[in-house]
Amino acid sequence: MKRAAVLILTVLMIFSFASCSSEKKTALVISGTEIDSEIFTYYLDKVLQRPLDYGLSENPKKSELKESAISECKRYLLSNTNFLNKGLSLSSSEKTEISQTVNDYWLRFENHYKNIGVSKQTLTKIFTSQAYRDALFSAEFDKGTDDAEAEAILQNYFYENYISFRTVCAYYTTASGSAMTQLEKNQLLDSIRTLAANAGTDIEKFAENALNAGYTLSSSVLLKKGAEGYPDGFYEKVSAQNDNTVQVLTYDECVFIVWKENLKDKGESVYVNYRSACINDLYYDESQAKANEYIETLSVKEEKVIDKIINKLR
């Protein structure tokens, strides 16, 4: 009986120790609210992966990493608190999207997160908090389509900052991949300019003519001002172009024929698809400024485990 009692006691002690050792330690206490070590670790890892996104150098100091991660923890707390205080709720589809996102991340990055000490449960907390932040942003800045003045601002922004076009693009390389001679470049440019000069006003006929000449007219492209992927000055030149016309744009590596489309003729559904992006463009900085102003007022007490986390990940 004594041996059995000792065995049971030993087992209980093992489970008790395992339970205690697996508990998440408190990394921060922000204005009286505890932030566990996994939450801090997640945000520190993000800062380490892309320090430039947080206004840091490529090789930031330990103190800078810590402050950026703490700042993200403050935003995490702010989103959770404000979402609760404003009585908001997530829809079933939003919750499903969170679950799917977490499962996708865990499928791809499980080993990484296990190595740094972040659980799937913590990922769910992180992405739920992000959904809270998005919902708060929408609640404050999306006035709804019934607000005519607010909607006009959004639509004006969209049509002033997006262009729609189709292109024929030819690179100054031969079929074998070698650089063209100047003579070959001149011949290519003559071919492109002749095709553009005979473009006419029928886009389908132009596409057919391009194909017969050995070129392919692209599908419609919607390009935002400042977006990457095209040569410098491309957006500005196409933006200044009249609708339903063509122009030839030459660059060091290639030449374009650009058919400028009338964005409004493509229907309101195009705007609707980009409406949320327009709201974000117009009001994100204001939202961030408000958040930054508030989080500066939050008090922070750091626990010793923070230095261990930084030393482990850095």
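An account of the accompanying structure is given in this report. Values in this document were obtained by computation on a predicted structure and should not be read as measured data.

A tally of helices and strands in the chain yields 11 helices and 7 strands. Over its C-alpha atoms the chain spans a radius of gyration of 28 Å, topping by over 25% the 20 Å that the globule rule assigns to 314 residues. When the backbone C-alpha atoms are referred to their principal axes, the chain occupies close to 100 × 55 × 40 Å. Looking at the 314 residues of the chain, the share that counts as buried comes to 35%. At a minimum sequence separation of 6, the contacts of the chain that also span at least 24 residues come to 70%. As displayed, the chain offers around 19400 Å² of accessible surface, 49% of which is attributable to carbon and sulfur atoms. Across the chain, the mean location of the 36 positive side-chain charges is 10 Å away from that of the 44 negative side-chain charges.

A few words now on the pattern of salt bridges. Summed over the entire model, instances satisfying the criterion amount to 15 salt bridges. Between Lys-290 and Glu-140 there is a salt bridge, with the nearest N and O atoms lying 2.5 Å from each other. Of this pair, Lys-290 sits in helix H10 (residues 268–295) while Glu-140 sits in helix H5 (residues 120–141), and the two are 150 residues apart along the sequence. Relative accessible area serves as the criterion here: at 35%, Glu-140 is assigned to the partly exposed category.

Counted under the stated rule, the structure contains 1 cavity of 30 Å³ or more. Taken as a whole, the largest cavity spans an internal volume of roughly 50 Å³. Every element with two or more residues in the lining of the largest cavity is listed here: helix H6 (148–161) and H10. Of the residues assigned to the lining of the largest cavity, the class counts are 5 nonpolar, 1 polar and 4 charged.

Our next topic: the pairing of strand S5 (residues 246–250). Direction of pairing for S5 relative to strand S6 (residues 254–261): antiparallel, over a ladder of 5 bridges. The partner of Val-248 across the bridge, within S6, is Ile-257. Following S5, the chain reverses through 3 residues before pairing antiparallel with S6.

A few words on the nonpolar core. Ranked by size, the top nonpolar core spans 40 residues in total, and within it Leu-28, Phe-40, Tyr-42, Leu-44, Cys-73 and Leu-123 carry the most contacts. Put simply, the parts of the chain that give this core at least two residues each are strand S1 (26–30), helix H2 (37–49), helix H3 (62–85), helix H4 (92–116), H5, H10 and helix H11 (305–313). In terms of residue count, the dominant contributor to this core is H3 (8 residues). Core analysis: the next-biggest nonpolar cluster, separate from the first, contains 19 residues, Ala-170, Met-180, Leu-188 and Leu-195 among them.

Right, let's talk about the environment of Lys-86 for a bit. Topologically, Lys-86 is positioned in the loop between H3 and H4. Given a relative accessible area of 56%, Lys-86 falls into the exposed group. A sequence separation of 53 residues divides Lys-86 from Ala-139, and the C-alpha atoms of the two residues are 9.6 Å apart.

On to the side chain of Arg-275. Within the secondary structure layout, Arg-275 lies in helix H10. Residue classification places Arg-275 among the buried residues on the basis of a relative accessible area of 11%. A distance of 3.1 Å separates a polar atom in the side chain of Arg-275 from a polar atom in the side chain of Glu-151. Not counting chain neighbours up to four residues away, the residues in contact with Arg-275 comprise Asp-142, Gly-144, Thr-145, Glu-151 and Leu-154.

To continue, consider the sheet that holds strand S7 (residues 300–302). In spatial order, the strands read S2-S1-S7; together these 3 strands make up an open sheet with antiparallel pairing. Because the sheet does not close on itself, it has two edges, and the strands there are strand S2 (33–36) and S7. For this sheet, the mean inter-axis angle between neighbouring strands, taken without regard to orientation, is 25°.

Let us look at the layout of surface pockets. Estimates place the volume of the largest pocket at around 1000 Å³. As for the largest pocket, its lining consists of 34 residues, and the residues nearest its centre are Gln-130, Arg-133, Asp-134, Ser-287 and Gln-288. Contributions of two or more residues to the lining of the largest pocket are made by H2, H3, H4, H5 and H10. Among the elements that make up the lining of the largest pocket, the one with the highest residue count is H5 (10 residues). Across the lining of the largest pocket, the residue classes tally to 15 nonpolar, 10 polar and 9 charged. If you add up the space inside the second largest pocket, you get close to 270 Å³.

With that settled, consider the sheet that holds S5. With respect to topology, 4 strands assemble into an open sheet ordered S4-S3-S6-S5, the strand pairing being antiparallel. Each edge of the open sheet carries a strand with a single partner, namely strand S4 (221–224) and S5. Going from strand to strand, the sheet's axes swing by 40° on average, the running direction of each strand aside. Strand direction decides the pairing type here: strand S3 (residues 162–171) and S6, joined by 8 bridges, are antiparallel. Opposite Cys-169, over in S6, you have Phe-256 as the bridge partner. H6 contacts S3 and S4 of the sheet and is inclined by roughly 15° relative to S3.

The rules we used
- Residues numbered from 1 in each chain as written.
- Predicted model: local features only at pLDDT ≥ 70, side-chain atom pairs only at ≥ 80, totals over all residues.
- Heavy atoms only, no water.
- Helix = DSSP H or I, 4+ residues; strand = E, 2+ residues; numbered from the N terminus.
- Rg over C-alpha atoms; globule rule 2.2 N^0.38 Å.
- Buried < 20%, exposed > 50% of the residue type's maximum accessible area, 1.4 Å probe, protein only.
- Contact = heavy atoms within 4.5 Å.
- Areas by Shrake-Rupley, 256 points an atom, 1.4 Å probe, with all protein chains shown as cover.
- Lys, Arg positive; Asp, Glu negative; His and termini not counted.
- Charge placed at Lys NZ, Arg CZ, Asp CG, Glu CD.
- Salt bridge = Lys/Arg side-chain N within 4 Å of Asp/Glu carboxyl O.
- 1 Å grid on protein atoms, 1.4 Å probe; cavity = no way out; pocket = protein on both sides within 12 Å on 5 of 7 lines; lining within 4 Å.
- Points joined across faces, edges and corners; volume = space filled by probe spheres on them.
- Nonpolar A, V, L, I, M, F, W, Y, C, P; charged D, E, K, R; others polar.
- Pairing = 2+ DSSP bridges.
- Core = buried A, V, L, I, M, F, W, Y, C linked by side-chain atoms within 4.5 Å.
- Polar contact = N/O pair within 3.5 Å; in protein donor to acceptor, adjacent residues only side chain to side chain.
- Axes fitted to C-alpha atoms, helices over the stretch in contact; angles between N-to-C directions.

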